[in-house]
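Examination of the molecular architecture
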Amino acid sequence: MRKFDTKIQYLKYKVLREVARQAWDDKLLEHVFEIPKIIVPGKEPTMRCCVYKERAILEERVRIAMGGDKTNPNVIEVIDIACDECPMGGYEVSDACRGCLAHRCEDVCKKGAIVFDHQQKAHIDKTKCVECGMCAKVCPYSAIINHKRPCEQACKVKAISMSETKAASIDNSKCNSCGACVYQCPFGAISDKSFILNVIDLIKKSEGNKNFKMYAVVAPSISSQFTYAKLGQVISGIKALGFFTVVEAALGADMVAYAESKELAEKGFLTSSCCPAFVDYIHKHFPQMAEHISHNLSPAATISKYIKETDKDAKIVFIGPCTAKKMEFQKEEVKPYIDSVITFEELQALFDSKDIDITALDEDVLDNASYFGRIFARSGGLADAVRQGLKEHGIEDFEYKPVSCDGIEECRIALLKASKGVLPGNFIEGMACVGGCIGGAGCLTHGEKNKAEVDKYGREAYEKTISDAIKFLNHD
Amino acid sequence: MIVQVCIGSSCHLKGSREIVELMKAAIEEHSLQDEITLAGSFCIGKCNRVGVTVQVDDDVYTGITKESFNEFFNDKILSVIQRG
């Protein structure tokens, strides 16, 4: 069974696994420089021009697996030497140009940037072109192509540009750490910093959960991951790593949906606060809308806060699909509750670093949340849960008009409209990744069936309503 | 007295919600609100095949079901408090 979508993920995984292996054995410092050679042995290059470049890049990957550049606050980092400096010529005329007579491209270009050679074939004068794309639209042969770098294409918040050395460069004042570029770069030149070493350190220091107890809070999108095993086996695997117990972040989602629906009815207009990349996007790109962000913590932070209130010896690691969560847990208001964050990719690496074959384990259980908490993992789920929350509160005099934004581009449009007072809705569900959390950059796989898997997992929940899942949590 | 009912996945599936509700009702019935602090726990580390795990101060009891609840409450909570 295929574990990853791309070979880049596989390479990243091998590095993480090796770093973790050495860390468990307390031999990381000793062996850190050997890891590139372990991954690329021999003299024949397998990926780049020569093994030396491959190993130099692997050294950088090892560094990121160990936490990356501490002076850069962003968890998304460019490995400059891995960046292939892709062509970024923008609009260019390809060989498909037949040198026709109509010259629609010339007519539509307001800048006079289209010129013709002696064979009547079109060329674009880059000194005049403004990359409007009109010529590409009108060409009957689709001969004009936009050569945009995959990272820039992926980055809908326009945080990526070209540095002086032509490598990709991230503007932290615009980047919301969603990780789209990480997943899209075909050379693996952008990566998310890892906190696996912190997690390994915590597990070791807990000494079998004697000194403090390790709680794993897992995101509901886990239902679409690790498809080669049963979910119950993944839970057993997490415990085999040294965690005391595993709790569903979806229970936090139930708590959020219940609180947020009430907050919405009181305030009349809200934007959701679940997706950290969406929240960060509002702060950086629509600061005037920040006052409308729901005051609830995210589901992961909400359930972690609750766990810490019930158990003062708890240390909490969030495991999910999300790179932006690695930013969120460092925020002042979340720091006390979540101790570290890893992705599903990193969880797989941790399993294999300890040679834990989850398919050979017994099935444990994971069941705290309701259907509604669980469907937060996909676009539209949060809006459904808030609708249910309003119903369970018995709030009937509030006309609920949710706008579910699937991906940051839809978020941008909704926020733009809302900031001008023309949005036909009163609740913005913002999900930075297309598809919702199941589209997150830290997922092992991104499949067509993932949404169906989340819904199925939702229906399997023992609790059918939000109130049933949460009402007994409050003992006051 | 601190009474912690396990609400972790394993116990949740075996009825911890009902046990919490029975516990709340019993505390009220005997007016023990000032004596008992009722709390949840996501795992007491004694997952059992049957029933729910409850911790009463330092003592852990497993396998509490709604059928055995009254007996458990009388023996391990009520009588302990009454003895002072």
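Residues numbered from 1 in each chain as written. Chains lettered and ligands numbered in written order. Predicted model: local features only at pLDDT ≥ 70, side-chain atom pairs only at ≥ 80, totals over all residues.

**Quick word on the overall build of chain B**
Put simply, the rule is: The helix and strand labels rest on DSSP assignments: H or I over at least four residues marks a helix, E over at least two residues marks a strand, and numbering proceeds from the N terminus. The quantity called the radius of gyration is restricted to C-alpha atoms. Its globule counterpart is 2.2 Å times the number of residues to the power 0.38. Buried residues are those with 20 or more other C-beta atoms within 10 Å of their own C-beta, exposed residues have 12 or fewer, and partly exposed residues lie in between; C-beta atoms are placed from the backbone. Think of it this way: build a C-beta for each residue from its backbone, and any pair within 7 Å is a contact.
Scanning chain B from N- to C-terminus turns up 3 helices and 4 strands. Here chain B has a C-alpha radius of gyration of 12 Å; the compact-globule value for 84 residues is 12 Å, and the two agree. Oriented by its inertia axes, the alpha-carbon framework of chain B measures out at about 30 × 25 × 20 Å. Across the 84 residues in chain B, those meeting the buried criterion constitute 36%. Nonlocal contacts in chain B, meaning residues at least 24 apart in sequence, comprise 59% of its contacts between residues at least 6 apart.

**Considering the overall build of chain A**
A tally of helices and strands in chain A yields 20 helices and 15 strands. For chain A, whose C-alpha radius of gyration is 24 Å, the value lies close to the compact-globule estimate of 23 Å for 476 residues. The principal-axis extent of the C-alpha atoms belonging to chain A is close to 80 × 65 × 40 Å. When each of the 476 residues of chain A is scored for burial, the buried share is 49%. Long-range contacts, defined here as pairs at least 24 residues apart, represent 74% of the contacts in chain A between residues at least 6 apart.

**What about the nonpolar core?**
Generally speaking, soluble globular proteins have nonpolar side chains that are buried together. Residue and element names in this part refer to chain A. What counts, and what does not: Residues of type Ala, Val, Leu, Ile, Met, Phe, Trp, Tyr and Cys that are buried and joined through C-beta atoms within 7 Å form what is called a nonpolar core. What counts as a domain boundary in this text is fixed by an automatic or database domain assignment.
With 155 residues, the main nonpolar core has Ile196, Tyr215, Val217, Phe318 and Ala432 as its most contacted residues. Considering each element in turn, this core owes the most residues, 9 residues, to helix α11 (residues 249–267). No fewer than three residues from each of domain 1 (7–84 + 151–192) and domain 3 (197–473) sit in this core. Excluding residues within four positions of it along the chain, phenylalanine 318 makes contact with Val217, Ala249, Ala300, Lys325, Phe329, Ile338 and Val341. Counting 11 residues, the second largest nonpolar core, distinct from the first, contains Tyr91, Ile124, Cys135 and Ala143.

**Some remarks on the packing of helix α1 (residues 7–24) of chain A against helix α4 (residues 51–65) of chain A**
Residue and element names in this part refer to chain A. We apply this condition: Helix axes use the C-alpha atoms of the stretch in contact, all axes being lines fitted to C-alpha atoms, and the angles between their N-to-C directions lie in the range 0 to 180 degrees. Note that the term roughly parallel is reserved for angles under 35 degrees, roughly antiparallel for angles over 145, roughly perpendicular for angles of 65 to 115, and oblique for everything else. Two helices that cross are described as forming a left-handed crossing if the nearer one is turned anticlockwise from the farther one by less than a right angle, and a right-handed crossing if clockwise.
Here α1 crosses α4 at 60°, and the two axes come no closer than 9 Å. Comparing their axes, α4 and α1 come out oblique. Seen along the crossing, α1 lies across α4 with a hand that is right-handed. Across from Lys12, Val15, Leu16 and Val19 in α1, the residues of α4 making contact are Leu58, Arg61, Val62 and Ala65.

**A few points about the domain arrangement of chain A**
Interfaces are often described in size by the accessible area the parts lose on coming together. Segmenting chain A into domains produces domain 1 (7–84 + 151–192), domain 2 (90–147) and domain 3 (197–473). Computed from C-alpha atoms alone, the centre-to-centre distance between domain 1 of chain A and domain 2 of chain A is 37 Å.

**Overview of the sheet that holds strand β10 (residues 245–248) of chain A**
All names here are of chain A. Heads up, the condition is: Two strands pair under a simple rule: DSSP has to find at least two bridges between them.
If you trace the 4 strands from one edge of the open sheet to the other, you get β10-β9-β12-β13, paired in parallel fashion. Each having just a single partner strand, β10 and β13 (340–343) make up the two edges of the open sheet. On average, adjacent strands in this sheet sit at an angle of 30° to one another, irrespective of strand direction. Strand direction decides the pairing type here: strand β9 (residues 213–218) and β10, joined by 4 bridges, are parallel. Its bridge partner lying in β10, valine 217 is registered against valine 247. Most of the contacts of helix α9 (residues 196–206) go to β13, to which it runs at about 120°, and overall it touches β9, β12 (314–320) and β13. Relative to the sheet, helix α13 (residues 299–310) contacts β9, β10 and β12, its axis offset from that of β12 by approximately 160°.

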